[in-house]
Structures are given as structure tokens and as C-alpha cells.
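# Results of the structural survey
Here's the letter readout for the chains.
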Amino acid sequence: VPLESVSNPVGEVPQEPPAIEILPEPLPGNAGSATGEVSRSAKYLAVKGRLEGLIGGPPSAIESVIGPDERTRIVDTELAPWRRICALRVLSPAGNFIGTGWFAGPRTVITAGHCVFHRQMSGWATRITVIPGRNGTEMPYGEASSTRFSSLNYWTETTNPDYDIGAIHLETSFGDQVGWFSTAVLSDADIPGYLINISGYPGDRGLGNEQYFHANRILRVTNSRVFYSNDTAQGQSGSPVWIYPAADAEPMAIGIHNYGVGGTPADYNITANSATRIVPEVLDQMRAWIETNG
Amino acid sequence: MIYSGVVIDGEGKRIADALVGVMWGTAPTPEISIRTDPLGNFRIDLPPGRFRLAGHAPDGRIGTIDVEVPGRMTGDIIIVVHWSCPR
């Protein structure tokens, strides 16, 4: 057997410094002027902080409710953070729809792009009514309608789920009363461990009039999407996907829920629903919408 | 492709204000819910794949239908709602 000499390196081996990922400043949240009473639902149901590492899922199934339906109805929707989440009534030239949105500024409600623009609507919605914290027949903060919406050109031109984001611009500063979510970009390294919360207005339970919540874990993250095992259903498109960075932290949105398990590539081999991830370019656009419209 | 459909009950009565959505599927579809018009009609955009659509009537009756795209469908997608438990 021919032998070759191998020697240890002499002196210190120079190493490249680790790349520092510079993330944009989060958009600040606001508690709102309405009651500061602590929500018992938030106290007992919401998950906070993180668990290290991703968890694997079972082989891909095909339902948005993954296994038993573990969604819980929220009844104290007049309290934070639930009141920052809105039932949407969407009117379009090709029919009416229901969805979910959430306040990111005093007059800015964020939702899925397909709640403001979609082919099955024949393009743009014509009018959307926003009902913060709806609880059955109760509308604790009333409702507001708008005919001004925005989305991203990548959504309206390609309907790529990676850019499925929309905004509803209200005329009145509803958010000053109900408050709004902080919104942030998390790094690839930081995002996988967080426990996440999703709450919205599904059509299969409560006919879009009742808010349902589920907490669970992230299963996978890509450059532009977040995949998780939280149960959702049709009508919850546009719901906030939020974390609590620490036990005493305010809720921080990191994604916009918009697809059931059919939106998860089969080769991921996970059963997951998914959100468009808040990435720097998306956050910049949200910031612009809020600076322009409030 | 955009398909048209209708939600009816077991007696053929059209159901207004029912909510229709994709319960599961093999391709991405938005998790938005479609409200039927006064005649029970709706439109839905489905990419190629297999889907189960669910219809929820305002009174609580539920119906489902399996759809394949492209498939041999001719005419409307018809969702028949019924009580899920004996009343």
C-alpha cells in the first residue's frame, strides 16, 4: 500500500468571520386604547418562547385540520390580542368570500393577497368589511368597510404563494382602539424553534363569525414560507402567525397564514399548513403601507 | 380552471349564504371561504389535482364532494348538504 505523509498545519489557520445577518427593525405594535384587561384565553392558550429544533411530521396526509381538530373558540375577543384579529367580508365582481385579517397599524389591516386580489374574484375585491374581534353576533368594536386595497406585484402578476400578501386601507383609525401586532423578520437560524399561534375566522366552524385559535410548532422553514402543524380551515386565510419572543413580550407577527396542506410540497414529507413568511422585502412594503395610510 | 357550482339540500332546494371551501387537496388552494349567492351558486378556482370541497349551510347542514382536475366533470359541481347527526 503506497503511503503518503500527512502533517499538522503550522501556525493558526485563518478563518472567515461568520457572516452577520442584518435584519430590519421590527414594526412596532400597539396595545390600543381599549381595556387593558388580561385575556384569560391568551393566558392559558397562547404559547410563548421556543423549543429548540424542528420536529418531524408523519407522512403527508391531506387535511388542513391535522389529526383531531384542536382549534379552540376564543370568546373574550374584546381583549388583546384577539381584538386585533378581524373577520373579513369580501365582496367581488364574481361573488362573496370570507377571510381573516389583522391590524398592523392604525388604519392598516394585513391579510392574504388572495383576500384582496384573485382570479376567482375576477381580479380585485370591490369592498371588504372588517370586523375586529367578532364573536358570533357580537361586534365589540363595530365594523368598517373599505374599497382601497394593496398587494404585491409578484402576487397580482404570478399568484405565487410566496408573495400572497394583501393590505386593506381603512379611512378611520380603528387600530388606535384595538391596537395592532408588532411585525418582525426572523433569521433562518432563529425562526425554527419558536412556538407559534394562529387565530382566525373559519367557515367550517361558526360560519366565519367565531374566532378559533390553535398553537403548535413550526415544522419547516424556507426562504419565503413557514410550515406548521397548527390546525386551520377555509376562511382563516390572512390570519396572523405570531410568536412571543419571551414570556413577557408582546405578540409579534412573523407570517400570514394562507394555505392548507395542499400547499405543502409532497417531497417535504410533512403534514403542514403554511404561511407567507415576513421577509425583509415584505416588511419594507408593510412599512410603506403603514407610513402612507397609517 | 374556474368551475361553477351550487349548494342544494336533499330535496333539491338551493342554499343561499352557504360557505364553500377546499377541505383538502393535493395542490395549493387558498384557505378562503366562498359564500353562495341567493340561488346557491358559487365559483371556485382549482388547479390540477384532487380536492374535497365542503359546503356549510347557515343552519348547520354539511355536504362534501370529491373533485378531480382535470376530470370528466360536465356541468356544475353540486354539493348536497345534510345533517351530520340524526335530529
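Conventions used here
Residues numbered from 1 in each chain as written. Chains lettered and ligands numbered in written order. Predicted model: local features only at pLDDT ≥ 70, side-chain atom pairs only at ≥ 80, totals over all residues. Heavy atoms only, no water. Helix = DSSP H or I, 4+ residues; strand = E, 2+ residues; numbered from the N terminus. Rg over C-alpha atoms; globule rule 2.2 N^0.38 Å. Buried < 20%, exposed > 50% of the residue type's maximum accessible area, 1.4 Å probe, protein only. Contact = heavy atoms within 4.5 Å. Salt bridge = Lys/Arg side-chain N within 4 Å of Asp/Glu carboxyl O. Polar contact = N/O pair within 3.5 Å; in protein donor to acceptor, adjacent residues only side chain to side chain. Disulfide = S-S within 2.5 Å. pLDDT = per-residue confidence, 0-100. Expected span 1.5 Å × (residues − 1). Arc of directions from axis to C-beta. Pairing = 2+ DSSP bridges. Axes fitted to C-alpha atoms, helices over the stretch in contact; angles between N-to-C directions.

Further remarks concern the overall build of chain B. Counting its secondary structure elements, chain B contains zero helices and seven strands. In sequence order, chain B lays out its α and β elements as β-β-β-β-β-β-β. Here the C-alpha atoms of chain B give a radius of gyration of 12 Å, agreeing with the 12 Å that 2.2 N^0.38 yields for 87 residues. Dimensions of chain B, computed from the C-alpha atoms along their principal axes, are close to 35 × 25 × 25 Å. Residues counted as buried form 47% of the 87 residues belonging to chain B. Sequence separation of at least 24 residues holds for 51% of the intrachain contacts in chain B that already meet a minimum separation of 6.

Residues and elements named next belong to chain B. Here Arg61 is to be found in the loop between β5 (49-56) and β6 (62-69). Exposure remark for Arg61: the relative accessible area of 16% places this residue in the buried category. Residues within four places of Arg61 in sequence aside, it is in contact with Asp9, Ile15, Gly55, His56, Val81, His82 and Trp83.

Before going further, it helps to spend a moment on the interface of chain A and chain B. At the interface, 31 residues of chain A touch 25 residues of chain B. Where chain A packs against chain B, one counts one salt bridge. Residue Asp45 of chain B is joined to Arg119 of chain A by a salt bridge in which the shortest nitrogen-to-oxygen separation is 2.6 Å. Scanning the region where chain A abuts chain B turns up ten residue pairs in polar contact (both at pLDDT 80 or more). Sorting the residues of the side of chain A that touches chain B by element identifies β3 (95-103) and β16 (252-259) of chain A as the ones contributing at least two each.

What follows covers the state of the cysteines. All names here are of chain A. Throughout the structure, instances matching the rule amount to zero disulfides over all chains. Between Cys86, a free cysteine, and Cys115, which holds the nearest cysteine sulfur, the sulfur-to-sulfur gap is 12 Å. A residue is classified by how much of its surface remains accessible, and Cys115, at 0% relative accessible area, is buried.

A few words on unusual backbone geometry. Trans peptide bonds make up most of the peptide bonds, and negative phi angles are found at most residues other than glycine. Residue Pro81 of chain A is reached from Ala80 of chain A by a cis peptide bond, and omega for that bond is 0 degrees. Relative to the helices and strands, Pro81 of chain A resides in the loop between β1 (72-74) and β2 (85-92). Here the bond from Val69 of chain B into Pro70 of chain B is cis, since omega is -10 degrees, no more than 30 degrees from zero. You can see Pro70 of chain B is positioned in the loop between β6 and β7 (77-81). The phi angle at Ser122 of chain A is positive, at roughly 65 degrees, despite the residue not being glycine. Structurally, the position occupied by Ser122 of chain A is in the loop between β5 (117-118) and β6 (123-124). Residue classification places Ser122 of chain A among the partly exposed residues on the basis of a relative accessible area of 47%. In this structure, Leu207 of chain A takes a positive phi of about 50 degrees despite not being glycine.

Put simply, chain A has an average pLDDT of 90, and 90% of its residues get 70 or more. Long-range and interchain partners of residues 53-62 of chain A, a stretch whose pLDDT sits below 50, account for 25 contacts in this model, where long-range means more than four residues apart.

A few words now on helix α4 (residues 280-293) of chain A. Residue and element names in this part refer to chain A. Over its 14 residues, α4 extends 20 Å from the first C-alpha to the last, a length consistent with the 20 Å expected when each residue adds 1.5 Å. Val282, Leu283, Met286, Trp289, Ile290 and Asn293 are the residues of α4 that are buried. Seen along its axis, α4 keeps its buried residues to an arc of 120 degrees; they face one direction. In α4, the exposed positions that point more than 90 degrees away from the buried face belong to Glu281, Glu291 and Thr292. Considering only its buried residues, α4 is in contact with β3, β4 (108-111), β9 (148-151), β10 (166-169), β11 (182-183) and β17 (273-277). Looking at the residues trailing α4, positive phi occurs at Gly294, about 95 degrees.

Time to look at the sheet that holds β7 of chain B. All names here are of chain B. Spatially, three strands are ordered β4-β1-β7 in an open sheet, and the strand pairing comes out mixed. Of all the strands in the sheet, the pair left with one neighbour each is β4 (41-45) and β7. Strand after strand, the sheet turns through a mean of 30 degrees between neighbouring axes, direction not considered. Of the pairings in the sheet, the one linking strand β1 (residues 2-9) to β4 comprises five bridges and is antiparallel in character. Counted as the bridge partner of Val6 is Asn41 from β4.

A few words on the pattern of salt bridges. Residue and element names in this part refer to chain A. This model, assessed by the stated rule, comprises twelve salt bridges over all chains. Among the ionic pairs, Asp69 bridges to Arg71, the shortest N-O distance being 2.8 Å. Judged by its relative accessible area of 5%, Arg71 falls in the buried class. Here Arg71 ties to Asp204 by a salt bridge, and the two come within 2.7 Å at their closest N and O atoms. Of this pair, Arg71 sits in the loop between α1 (40-45) and β1 while Asp204 sits in the loop between β12 (195-200) and β13 (211-221), and the two are 133 residues apart along the sequence. Residue class for Asp204 comes out partly exposed when judged on its relative accessible area of 23%. What you see here is one network of salt bridges that share partners, running through Asp69, Arg71, Asp204 and Arg205.

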